[in-house]
Amino acid sequence: MLDRTDEISRLIEPGRVHRRVYTDPDVFELEMERIFARAWLFVGHASQVPKPGDYITTDLGRQPVIMTRHHDGSIHVLFNRCTHRGPKVVNERCGHASRLVCCYHGWTFDMDGALIGVPVPEGCAAGFRKEEFGLARAPRVGQYRGFVFASLAAEGPSFDEHIGPMKGNIDDLVDRAPAGELAFDAGMHRYAYDGNWKLQIENVLDSYHVPFGHASTVNKDGVQFARREGDSKGAAVIAGDKQSTAASWKDRKSYITGNGHGWTSNTSLDEGKRSSPTFDAYKRALADKVGADRAAQILTPRLHNSLIYPNMSIMGLNIHVRVIKPIAVDRTEVNIFPVRLVGAPAAMNTANIRLLNVTHSAASFVQTDDLESFARAQRGLRSTATDWVDISRGLGDEEPDRELNATRELATHEMVVRAQYKAWAGYMRGAA
């Protein structure tokens, strides 16, 4: 089993990483122990459990958990394992119940995990106390504007220390809703690919691949299809000579804030011409709530993709939240949640979801390109012809952005990937 700090350190060098970080099962096992059993992980959104008795189930690393809404309105993250003989108590992905009942022997738990019923109690051992057999709770839970995170480690950096300036990226999305709230109630796209989880994490903030990996999505003029309600055309991606990326694409920036987090700026889009009956109704609804000046500021795109390391991203263009779930060293599940802006016209939210179906479902124009790249990368990394993966684009060009309390670089560089591996190495050396 890979465990020596000096051996882990040799897998990361300035501007390159060893292919073992994607292919070695021992590395993956250590990631499950030192990253996914310690880091703050996105669990779900409060809107997924709107009423007392509502629940969802998911996995944090290898740990099955239940996120519940208790009868007093509080949200709990519980381990999905009966404290009697061990079965998962809840098998459904989501639902509603007044109590949680294990199918094996009928042990019954309240929505906060407390054990409230044991059939045939006279058979219990002397001194048995129900208070000692409630469902285990995640040691730490943090929430911000409906986004629920948990850490499976009792100690470590606080939630506020972990998320830091990335609260502003959540604000950017939530503030678009006229009611100031989001709803994750429009279903989920779920798919898996034959590749390492870090391939998807890297790709979230990789602007370098877009003109090439998504070449089929641009027209003869190098312009991508419109991806937002009210746009007459999409972003220019490839220059007119077809030999290079468009000027506006080259100007995009990436930003990092520590802990592996980061984001990319948006492309230059013609906001003044963005209009449709649906979008105009949305603008009026937002302006009625926050005022015309603030509405104009909110609707000017600044963020394209944001990554909250290690398992969640927010996309600001075709608005959704993406959750990455490692399964094996060469197998990853991805869950994509459409986001409904509460208070926006129903037609606006419907249009957003339809556009997401076109761009980021398993059979969409955009996501299929990425999944093919991930699968080919995993197969290619079996080659022993070279041991190193290059991530050196822009190395040394990083510069501070004091206004945003971040470090920036061109988005077609690889600063964001290097920042992810800095965080990765910190966890893997046992520093988390």
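Use the structure listed above.
Everything numeric here is computed off the predicted structure, so don't read it as measured data.

**Digging into the overall build of the protein**
For the protein, the count of helices and strands is 13 helices and 24 strands. When the 432 residues of the protein are sorted by exposure, 54% land in the buried category. Across the protein, contacts joining residues at least 24 apart in sequence account for 64% of those joining residues at least 6 apart. Element-wise, carbon and sulfur atoms account for 49% of the exposed surface of the protein, whose accessible area totals about 18,900 Å².

**Some remarks on helix 5 (residues 167–174)**
With respect to burial, helix 5 is a largely interior element, six of its eight residues being buried. When we look at burial in helix 5, the residues that qualify are Asn-169, Ile-170, Asp-171, Asp-172, Leu-173 and Val-174.

**Thoughts on the state of the cysteines**
Put plainly, a disulfide is one covalent bond tying together the sulfur atoms of two cysteines. In this structure the tally under the stated criterion is zero disulfides. Free of any disulfide, Cys-82 has its nearest cysteine sulfur in Cys-102, 3.9 Å distant. For Cys-103, which is in no disulfide, the shortest distance to another cysteine sulfur is to Cys-102 and amounts to 5.2 Å.

**Remarks on the pattern of salt bridges**
For the coordinates displayed, the defined rule picks out 25 salt bridges. Between Asp-24 and Arg-20 there is a salt bridge, and its shortest N-O distance comes to 2.9 Å. A relative accessible area of 14% means that Asp-24 is categorised as buried. A salt bridge links Asp-175 to Arg-145, with the nearest nitrogen and oxygen atoms 2.8 Å apart. Of this pair, Asp-175 sits in the loop between helix 5 and strand 13 (182–183) while Arg-145 sits in the loop between strand 11 (140–144) and strand 12 (147–151); the two residues are 30 residues apart in sequence, bridging distant segments of the chain. Members of the salt-bridge network, linked through shared partners, are Arg-145, Asp-171, Asp-175 and Arg-294.

**Comments concerning the side chain of Arg-322**
Inspection of the secondary structure assignment puts Arg-322 in strand 19 (residues 320–328). Although Arg-322 is buried, it forms no salt bridge, and the closest oppositely charged side chain is Asp-370 at an N-O distance of 5.2 Å. At 3.1 Å, the side chain of Arg-322 forms a polar contact with the side chain of Gln-367. Those residues in contact with Arg-322, other than ones at most four positions away along the chain, are Gln-200, Val-204, Asn-305, Asn-311, Met-312, Ser-313, Val-334, Asn-335, Ile-336, His-360 and Gln-367.

**Considering the packing of helix 6 (residues 197–204) against helix 12 (residues 367–380)**
Relative placement of two packed helices is described by the angle separating their axes and the distance separating the axes. Two elements in contact, helix 6 and helix 12, have axes separated by 10 Å at closest approach and are oriented at 135 degrees. As the angle between them shows, helix 6 and helix 12 are arranged oblique. Helix 6 and helix 12 meet at a crossing whose hand is right-handed. Contacts between helix 6 and helix 12 pair Leu-199, Gln-200 and Asn-203 from the former with Gln-367, Asp-370, Phe-374, Ala-377 and Gln-378 from the latter.

**Points about the pairing of strand 16 (residues 261–265)**
Look at any regular strand and the pattern is simple: side chains alternate between the two faces of the sheet. Among the five residues that make up strand 16, five are buried, leaving the element largely enclosed by the rest of the structure. Of the two faces of strand 16, both are covered, the one formed by His-261, Trp-263 and Ser-265 as well as the one formed by Gly-262 and Thr-264. The pairing of strand 15 (residues 253–258) with strand 16 spans four bridges and is classified as antiparallel. Residue pairing for strand 16: Gly-258 is matched across the bridge by His-261. The turn joining strand 15 and strand 16, which pair antiparallel and follow one another in sequence, is formed by two residues; a positive phi near 65 degrees is taken by Asn-259. In the sheet, strand 16 pairs with strand 17 (residues 303–308) via three bridges, with the strands oriented antiparallel. Bridge pairing in strand 17 places Trp-263 opposite Ser-306.

**Re the sheet that holds strand 22 (residues 388–390)**
In space, the three strands of this open sheet follow the order 1-2-22, with antiparallel pairing throughout. One side of each edge strand has no neighbouring strand; the edge strands of this open sheet are strand 1 (12–13) and strand 22. In the sheet, strand 1 pairs with strand 2 (residues 16–18) via two bridges, with the strands oriented antiparallel. Across the sheet, Ile-12 pairs through a bridge with Val-17, a residue of strand 2.

**Points about helix 12**
Relative to the 20 Å expected for 14 residues at 1.5 Å per residue, helix 12 spans 20 Å between its end C-alpha atoms, a close match to the ideal helical length. Along helix 12, the residues classified as buried are Gln-367, Asp-369, Asp-370, Leu-371, Phe-374, Ala-375 and Gln-378.

**Focus: the packing of aromatic side chains**
Tallied over the full model, the rule gives 17 aromatic pairs. The interplanar angle of 40 degrees and the centroid separation of 5.2 Å between the aromatic rings of Phe-149 and Phe-159 together place this pair among those described as tilted. Of this pair, Phe-149 sits in strand 12 while Phe-159 sits in helix 4 (residues 159–163), and the two are ten residues apart along the sequence. Assessed through its relative accessible area of 1%, Phe-149 is described here as buried. The class for Phe-159 is buried, based on a relative accessible area of 8%. Among the aromatic residues, ring-to-ring pairing joins Trp-40, Phe-42, Phe-147, Phe-149, Phe-159, Phe-184 and Phe-337 into one connected group. Looking at Arg-16, its charged tip hangs above the ring of Trp-388, at a distance of 4.0 Å from the centre. The positively charged end of Lys-198 is found above the aromatic ring belonging to Tyr-22, 5.7 Å away from the centroid.

Cut-offs used in this document
- Residues numbered from 1 in each chain as written.
- Predicted model: local features only at pLDDT ≥ 70, side-chain atom pairs only at ≥ 80, totals over all residues.
- Heavy atoms only, no water.
- Helix = DSSP H or I, 4+ residues; strand = E, 2+ residues; numbered from the N terminus.
- Buried < 20%, exposed > 50% of the residue type's maximum accessible area, 1.4 Å probe, protein only.
- Contact = heavy atoms within 4.5 Å.
- Areas by Shrake-Rupley, 256 points an atom, 1.4 Å probe, with all protein chains shown as cover.
- Disulfide = S-S within 2.5 Å.
- Salt bridge = Lys/Arg side-chain N within 4 Å of Asp/Glu carboxyl O.
- Lys, Arg positive; Asp, Glu negative; His and termini not counted.
- Polar contact = N/O pair within 3.5 Å; in protein donor to acceptor, adjacent residues only side chain to side chain.
- Axes fitted to C-alpha atoms, helices over the stretch in contact; angles between N-to-C directions.
- Parallel < 35°, antiparallel > 145°, perpendicular 65-115°, else oblique.
- Left-handed = near helix turned anticlockwise from the far one by under 90°.
- Pairing = 2+ DSSP bridges.
- Expected span 1.5 Å × (residues − 1).
- Phe/Tyr/Trp six-rings, centres within 6.5 Å; stacked < 30°, edge-to-face > 60°.
- Lys NZ or Arg CZ within 6 Å of the ring centre and 35° of its normal.

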